Amino acid sequence: MSASIKTSSVNFPPEISVNQSLFDTPKCPGIFYQTPARDGNIIRVRIPGGIINTLQLSAIIDLAKNFGDANVYLTNRANLQIRGVREIPSTAVTSLQQVGLAAVIPEIDHIRNIMASPTAGIDVEELINTLPLVRELDNYICSHPELQRLSAKFSVGFDGSGTVAIYQQPNDIKFVAVRDLDGEIYLRLLLGNSTNIVIHQQQCLPVIVALIKVYLMQVNIHTSSKPRFLEVVKNLGTEKYLELVKSELPFVLKRTNIQFDERENKHHHLDIHQQKQLNLSYIGIAINLGKISTSNLQKLGEIADVYGNKTLRLTPWQNILIPDIENQNIFKVKSEIANIGLQISASSPQSGIVACTGNQGCKAGITDTKAMATILAEYLTSRISLDLPCKIHLTSCSKSCAYHGKSDITLLGATIEKNGLRTEGYNLYIGDLETNFGREIYRNLPSTEISAVVLKILQIYQEKRQDLQETFVNFVNHYEIPTLQKLFNIDHLLTSIFKEVKD
Ligand code: SF4
């Protein structure tokens, strides 16, 4: 009988001596430990920097076809997941290690959460290419098994200040390229919020190592549940934490007087964009709800082999970029992508819809967000054409796993009860004021009414906005909620028996 890797089991290579009490099975799924979900087990494959070559892609496709549900799922950390897994042989894991998709030391694989802007190295506006920093950190993690004592959710993000910003993503430690008053380019340190510390690129790894050291000194490494990195920073206070970090470093940390500059994302992770390299462009492809069939993924790999540089880039918005396409081939590539039913437009309603796993795959879910999102995408796509991108976020509970940024419209799962009957519904939030989800405008809307209501809201926005440049968020933020309710006037759309329970 062949050896197999089952839920929550770990194979330790014989050359590594690991104190089991220090390596409690992480709560996050990985390659060496699957976590159960309603649709089977989940395997998560870390892709540092989000860049995957086509050889690695083939290994992922084989894994999904042979042991999963024949789809590949993109995560909001620009990693990949295989779902519906029952049991996989250890040879499958070995082949992932052989192509560089899994750490040789299993215990540290789950902390290889290293994010970079998906346009790092090719972005026309970036101040620095952060990919060497990603590789340097990944190499460091892979050769330091003691880092297994970090929280399983530990993550680092590098933002080179290009057109595609990732500094808003919820990584523990973030660096954003800035030009300081002396004209030099530095990396600004963010620990949740921005600090005023700026460092040179070559100081990046020592600073991360010092930040980790302080964390490990502050937590009880023998407990199974490790606090999140930022929780420890918050409990100690950022300045005190940084004082301890300083004492671990052989150089002084420079402080800057310039304000942290919030950049707006320009949706350049979708569609065709010129690279900083002459005559080369990249193309960003929308992946409906982050789920792509193995056959479509294989086709994208073939396109990258023929027209690109044999790599794909994953984004935290759950879509895929093909870089390094010669400009003369870009429309050929566009039509090949269209031929497999995928599209690239940032303003298509479907491109802006994101949903968490929902109650079909997650025990915390109370609504089937994926099904709702699919219905909503089809409904909107056939009825409205948007000229500006619009982010619609469906989340089955307030944990908001699928998307941490600000949305135009958020639908938060709810259970509606009336006369002894229960149905799934959503509370609808708009804009970006007051809460992370924006302001609540409707409560307990039955699922059956959601598509018509969202369509009406978008139609009124397109009809009443000041000009074609006014975004949805700017439009709704101008008005008080009662005024918006009057403008949207959705009452006649509510037909289900649950309609009275709305506000
Ligand atoms: S947001 Fe809630 S329901 Fe959705 S996947 Fe996360 S924990 Fe599960």
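Computed from a predicted structure; not experimentally measured. Residue numbering note: each chain is counted from 1, following its sequence as written. Restriction of local features to residues with pLDDT of at least 70 applies here, the model being predicted, together with a cutoff of 80 or more for giving and counting side-chain atom pairs; totals for whole chains, interfaces and linings are based on all residues. Note that the side-chain values use all heavy atoms of the structure and ignore hydrogens as well as water.

Asker: Go over the domain arrangement of the protein chain, please, and point to the residues and values.
Answerer: For the protein chain, the domain assignment lists domain 1 (4-255), domain 2 (271-342) and domain 3 (350-501). Residue ranges labeled as domains rest on an automatic or database domain assignment. Summarising the inter-unit geometry, the C-alpha centres of domain 1 and domain 3 are found 32 Å apart. Any two residues whose heavy atoms approach within 4.5 Å are treated as being in contact. Each partner contributes to the interface: domain 1 provides 6 residues, whereas domain 3 provides 10 residues. The term buried area refers to how much accessible surface (probe radius 1.4 Å) is lost by two components on association, counted for both of them together. Here domain 1 meets domain 3 over a buried area of about 670 Å², counting both sides, of which 45% is carbon and sulfur. Definition used for salt bridges: Asp or Glu carboxyl oxygen within 4 Å of a side-chain nitrogen of Lys or Arg. Between the two partners, domain 1 and domain 3, sit 0 salt bridges. Under this definition, polar contacts are N or O atom pairs within 3.5 Å; protein pairs additionally need one hydrogen-donor-capable and one acceptor-capable atom, and for neighbouring residues in sequence, both atoms have to be side-chain atoms. At the boundary of domain 1 and domain 3, one finds 2 residue pairs in polar contact (both at pLDDT 80 or more).

Asker: Go over unusual backbone geometry with me, naming the residues and quoting the values.
Answerer: The backbone of alanine 78 shows a phi angle near 60°, a positive value even though the residue is not glycine. Each helix is a run of H or I in the DSSP string that is no shorter than four residues. Each strand is a run of E no shorter than two, and both are numbered from the N terminus. Relative to the elements of secondary structure, alanine 78 occurs in the loop between strand E5 (71-74) and strand E6 (80-85). For asparagine 489, which is not glycine, the phi dihedral falls at a positive 40°. Mapped onto the elements, asparagine 489 comes out in the segment after helix H12 (481-488).

Asker: So what about the site of the ligand? Which residues, and what values?
Answerer: Residues are labelled near a given molecule or strand when at least one of their non-hydrogen atoms is within 4 Å of it. Lining the immediate surroundings of the ligand are Cys356, Thr357, Cys362, Ala364, Gly365, Thr395, Ser396, Cys397, Lys399, Ser400 and Cys401. The nonpolar class holds Ala, Val, Leu, Ile, Met, Phe, Trp, Tyr, Cys and Pro. Asp, Glu, Lys and Arg form the charged class, and all remaining residues, Gly among them, are polar. Looking at the shell around the ligand residue by residue, the classes come out as 5 nonpolar, 5 polar and 1 charged.

Asker: Go over the nonpolar core with me, naming the residues and quoting the values.
Answerer: Remark: nonpolar core denotes a set of buried residues (Ala, Val, Leu, Ile, Met, Phe, Trp, Tyr, Cys) joined through side-chain atoms within 4.5 Å. Buried residues are those whose accessible area, probed at 1.4 Å on protein chains only, stays under 20% of the maximum for their type, while exposed residues exceed 50% and partly exposed ones sit between those limits. Ranked by size, the top nonpolar core spans 48 residues in total, and within it Phe158, Ile173, Phe175, Ile208, Leu211, Phe229 and Tyr241 carry the most contacts. Excluding anything up to four places from it in sequence, isoleucine 208 contacts Leu137, Val156, Phe158, Ile173 and Phe175. Tyr33, Ile52, Val85 and Ile330 belong to the second largest nonpolar core, which has 44 residues in total.

Asker: With reference to specific residues and values, describe the pattern of salt bridges.
Answerer: Enumeration according to the criterion identifies 15 salt bridges in this entry. Across the salt bridge formed by glutamate 243 and lysine 246, the nearest N and O atoms sit 3.0 Å from each other. You can see glutamate 243 and its partner lysine 246 sitting in helix H6 (residues 238-246), 3 residues apart, about one turn around the helix. Given a relative accessible area of 43%, glutamate 243 falls into the partly exposed group.

Asker: Which residues make up the packing of helix H5 (residues 229-236) against H6, and what are the values?
Answerer: For helices, the fitted axis covers only the stretch in contact; all axes are lines through C-alpha atoms, and the angles between them, taken along N-to-C directions, range from 0 to 180 degrees. With their axes 6 Å apart at the nearest point, H5 and H6 run at an angle of 105° to one another. Regarding the angle of H5 to H6, the classification is roughly perpendicular. Residues Phe229, Val232, Val233 and Leu236 of H5 touch H6, and the partners they reach there are Thr238, Lys240, Tyr241 and Leu244. Residue composition of the contact of H5 with H6, by class: 6 nonpolar, 1 polar and 1 charged. Note that the term roughly parallel is reserved for angles under 35 degrees, roughly antiparallel for angles over 145, roughly perpendicular for angles of 65 to 115, and oblique for everything else.

Asker: Residue-level account of empty space enclosed by the protein, with values.
Answerer: Only protein atoms enter the 1 Å grid, on which a cavity is a set of points fitting a 1.4 Å probe that cannot get out and a pocket is an open set with protein on both sides within 12 Å along at least 5 of 7 lines, lining residues being those with an atom within 4 Å of a point. Grid points are joined across faces, edges and corners, and a volume is the space filled by probe spheres set on the points. Applying the stated rule across the entire model yields 4 cavities of 30 Å³ or more. Considering only enclosed or pocket space, the largest cavity measures out at about 120 Å³ in volume. Every residue lining the largest cavity is counted, 15 residues in all, and those nearest its centre are Ile287, Trp317, Gln318, Ser351 and Ile353. A breakdown of the residues in the lining of the largest cavity according to their chemical character gives 7 nonpolar, 7 polar and 1 charged. Summarising the domain contributions, the lining of the largest cavity has at least three residues from each of domain 2 (271-342) and domain 3 (350-501). Of the pockets and cavities examined, the second largest cavity occupies roughly 60 Å³. Every residue lining the second largest cavity is listed: His267, His269, Leu270, Ala346, Ser351, Gly352, Pro389, Cys390 and Lys391. In terms of residue class, the lining of the second largest cavity is built from 4 nonpolar, 4 polar and 1 charged.

Asker: Pulling in residues and values, what's your account of helix H7 (residues 294-307)?
Answerer: Multiply 1.5 Å by the residue count of a helix minus one, and that product is the helix's expected span. Taking 1.5 Å of rise per residue, the 14 residues of H7 would be expected to cover 20 Å, and the 20 Å separating its terminal C-alpha atoms lies within 8% of that figure. If you check which residues of H7 are buried, you get Thr294, Asn296, Leu297, Leu300, Gly301, Ile303, Ala304 and Tyr307.

Asker: Tell me what's going on with the environment of threonine 395, and back it up with residues and numbers.
Answerer: Tracing the chain through its elements places threonine 395 in strand E20 (residues 392-395). In sequence terms threonine 395 and lysine 370 are 25 residues apart; their C-alpha atoms lie 9.2 Å from each other. With sequence-adjacent residues up to four places away left out, threonine 395 is seen in contact with Cys356, Thr369, Ser400, Cys401, Thr410, Leu411, Leu412, Gly413 and Phe437. Polar contacts involving the side chain of threonine 395 include one to the main-chain carbonyl oxygen of cysteine 397, which spans 2.7 Å.

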